[in-house]
Each structure stands twice: as structure tokens, then as C-alpha cells.
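Geometric and topological summary
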Amino acid sequence: MDTIFTLLMVLIMIASILLTIVVMAQNPKGGGLSSTFGGASSAQFGVQRTNDFMEKATWTLGATIIVLILISVVITGKPSQAAPATQQPVKKEAPAQSAPASQSTTPVAPSK
């Protein structure tokens, strides 16, 4: 189980690094936060559309990271051993004694 978890964590880290590289390599599309704060540049008029490969790679890597994280949660979320069964508390009282055989108080007539 630890080997699978380690493998998944390595794959998540590799996908995260690749996603960072792909996002940093994309051409800016303009707008966004830079135009909100008044930092709009003249490059907005001549922005080329991001390559379709880069956009697909971004979405694919993002989805891959989410799927790998969900798989790692499902795999590591299962308990490896069943919880020990709860034991019944030990009774400290002595068991009830059965009553002695009742003796009949009616006299029995001797047979002749």
C-alpha cells in the first residue's frame, strides 16, 4: 500500500511540474487581473491565440492531477485492518442461585 501511495505522489508531482511549465509557456491572452488594476498593455491588440496543444495540455494535466488525488484518497482511505470487536463488559454479579426444591406441607397419608 505504501508503494502505491508513493507512486501516486510522484505522478502527482510530475504532473504538477508539467502543468506549471505549460502554463508559463503560454502566450498571455490579455485582460484578467492585469487589466483590472490598470496594467493593460498595448499587447492586447496583437495577442495571438494560445496554441490548441497548450490549452489541451493544460486541461489534461489539470484533470490528471485531480484524478490521481482522488485515487490516492480512495486507496489510502480504506482501513487496512478491521477494527477490533468491542468486548462485552464482564458481569460482576454472581449468577442467581436456583431455589431449593420446595417441600410439600400437606401430609401424605401412608398407604396400607
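Residues numbered from 1 in each chain as written. Predicted model: local features only at pLDDT ≥ 70, side-chain atom pairs only at ≥ 80, totals over all residues. Heavy atoms only, no water.

By the naming in an unreviewed UniProt entry, the protein chain goes by Protein-export membrane protein SecG and is assigned to Chryseobacterium geocarposphaerae. In its Function (unreviewed entry) section, the UniProt entry covering the protein chain states "Involved in protein export. Participates in an early event of protein translocation." (UniProt positions renumbered as here; feature names shortened; annotations may be inferred.)

**Things to note about the overall build of the protein chain**
Along the backbone of the protein chain there are three helices and zero strands. Written out in order from the N terminus, the α and β elements of the protein chain read α-α-α. Among the 112 residues that make up the protein chain, the fraction classed as buried is 10%. The long-range fraction of contacts in the protein chain, counting pairs at least 24 apart against all pairs at least 6 apart in sequence, stands at 74%. Just so you have it, the protein chain exposes about 10,200 Å², and 65% of that area is on carbon and sulfur atoms. (Helix = DSSP H or I, 4+ residues; strand = E, 2+ residues; numbered from the N terminus. Buried < 20%, exposed > 50% of the residue type's maximum accessible area, 1.4 Å probe, protein only. Contact = heavy atoms within 4.5 Å. Areas by Shrake-Rupley, 256 points an atom, 1.4 Å probe, with all protein chains shown as cover.)

**Topic: helix H3 (residues 52–77)**
Under the 1.5 Å per step criterion, the end-to-end length of H3 is 37 Å for 26 residues, consistent within 8% with the ideal 38 Å. Listed as buried for H3 are Met 54, Ala 57, Leu 61, Ile 65, Leu 68 and Ser 72. (Expected span 1.5 Å × (residues − 1).)

**A few points about the UniProt feature "transmembrane region" (unreviewed entry) in the protein chain**
In this structure's numbering, the residues bearing the UniProt feature "transmembrane region" (unreviewed entry) are residues 7–25 and 57–77. Secondary structure content for residues 7–25 is 100% helix and 0% strand, and the end C-alpha separation is 27 Å. As annotated, residues 57–77 comprises 100% helix and 0% strand, and the C-alpha atoms at either end are separated by 30 Å.

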